[in-house]
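Residue-level structural notes
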Amino acid sequence: MHNLFNDVRILKLPDSEISYHPSFISPTKADDYFQNLRDTTPWQQDDITVFGKSYPQPRLTALYANNNKPYSYSSISMQPSVFTKELLEIKNMVESVARVEFTTCLINRYRTGRDSNGWHADNEKELGKNPVIASISLGTERFFNLKHSTNPALKHKLLLEHGSLLIMRGETQHFWKHQIAKTAKVIGERINLTFRIIK
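Residues numbered from 1 in each chain as written. Predicted model: local features only at pLDDT ≥ 70, side-chain atom pairs only at ≥ 80, totals over all residues. Heavy atoms only, no water.

**Overview of the sheet that holds strand 5 (residues 60-65)**
Applicable threshold: Here a strand pair is declared whenever DSSP counts at least two bridges between the two strands. Helix and strand assignments come from DSSP, with helices taken as H or I runs of at least 4 residues and strands as E runs of at least 2, each series counted from the N terminus.
Ordered by their spatial adjacency, eight strands build an open sheet running 1-2-14-11-16-9-5-8, and the pairing between neighbours is mixed. Because the sheet does not close on itself, it has two edges, and the strands there are strand 1 (9-11) and strand 8 (81-82).

Spelled out as structure tokens, the structure:
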């Protein structure tokens, strides 16, 4: 299913605890998950409000949870669906490495290079003080940018590969923002599963 002995890269960034597992899910299995999620997920596109202006969020999203708790960010409140068999499989695999039990999964679908996710920290109050965020990437590789909140010289760029797992924990969300930037390149779709705990 997945290789617990695969290489793990620890990002040596101050004020953070971030690990990257490049080949967490085998390519064949990752292909299957990608196709299943793309075809069966109840995708939605909410309007996001920035500086008083509303426009469609530049990606599609879906929310799953095992406790029926909604998730709110950027003036959007999402109601969860019940975890599917495939999502529970992935969730169990991720939990075996993250060593925490997640309640919720926010899924993002980036249809083209024009779809993106702007600078933010996962610091909503319902995520608790030092949230553990585990992120599975499926499909086309995209760059994950990190920048320190108070020291502009501190930044990092990581290519998130098909079938990879990224885990952020500890004080990371207090000190670092992250984004998936737009790209002018013609590229395929990416689906990203972010597991979190909503109390």
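Let us keep going from here.
**A few points about the nonpolar core**
Selection rule: Residue types Ala, Val, Leu, Ile, Met, Phe, Trp, Tyr and Cys, when buried and joined through side-chain atoms within 4.5 Å, form a set referred to as a nonpolar core. For every residue, the accessible area (1.4 Å probe, protein chains only) is compared with the maximum for its type, and the residue is labelled buried under 20%, exposed over 50%, or partly exposed between those bounds. Here a residue-residue contact requires only that any non-hydrogen atoms of the pair lie within 4.5 Å.
With 29 residues, the main nonpolar core has Val94, Ile107, Ile136, Leu193 and Phe195 as its most contacted residues. At the level of secondary structure, the elements contributing two or more residues to this core comprise helix 1 (27-40), strand 5, helix 2 (85-98), strand 9 (104-110), strand 11 (133-139), strand 14 (164-169) and strand 16 (190-196). Counting residues per element, this core draws most heavily on helix 2, at six residues. The contact partners of Val94, leaving out residues within four places of it in the chain, are Phe24, Phe102, Ala134, Ile136, Leu165 and Phe195. Counting residues in hydrophobic clusters, the runner-up holds 23 residues, among them Ile48, Ile76, Leu127 and Ile198.

**As for the environment of Arg142**
Rule in force here: In protein, a polar contact means a hydrogen-donor-capable atom and an acceptor-capable atom, both N or O and within 3.5 Å, with residues adjacent in sequence counting only if both atoms are side-chain atoms; elsewhere, any N or O pair within 3.5 Å suffices.
Checked against the element boundaries, Arg142 lands in strand 12 (residues 142-148). For Arg142, a relative accessible area of 3% puts it in the buried group. Through-space distance from the C-alpha of Arg142 to that of Met168 is 17 Å; in sequence the pair is 26 residues apart. A distance of 3.3 Å separates a polar side-chain atom of Arg142 from the backbone oxygen of Thr112. For Arg142, the side chain forms a polar contact with the main-chain oxygen of Gly113, separated by 3.5 Å.

**Re the sheet that holds strand 12**
To keep it simple, the criterion reads: Comment: axis = line fitted to C-alpha atoms, over the contacting stretch for helices; angle = value between 0 and 180 degrees taken between N-to-C directions.
Spatial strand order, 10-15-12-13: four strands in an open sheet with antiparallel pairing. This sheet does not close on itself; its edge strands, each paired only once, are strand 10 (117-120) and strand 13 (155-160). Between one strand axis and the next, the sheet turns through 15 degrees on average, direction left out of account.

**Side note on the packing of aromatic side chains**
Here is the rule we go by: Stacked, tilted and edge-to-face pairs are distinguished by plane angle, under 30 degrees for stacked and over 60 for edge-to-face with tilted covering the rest, among Phe, Tyr and Trp rings (Trp via its six-membered ring) whose centres lie within 6.5 Å.
The final tally for this structure, using the stated rule, is three aromatic pairs. On the numbers, 6.4 Å between centres and 20 degrees between planes, the contact of Tyr64 with Phe83 is stacked. Note that Tyr64 is positioned in strand 5 and Phe83 in the loop between strand 8 and helix 2, a separation of 19 residues in sequence. Taken individually, Tyr64 and Phe83 each receive the classification buried, so the pair is uniform in this respect.

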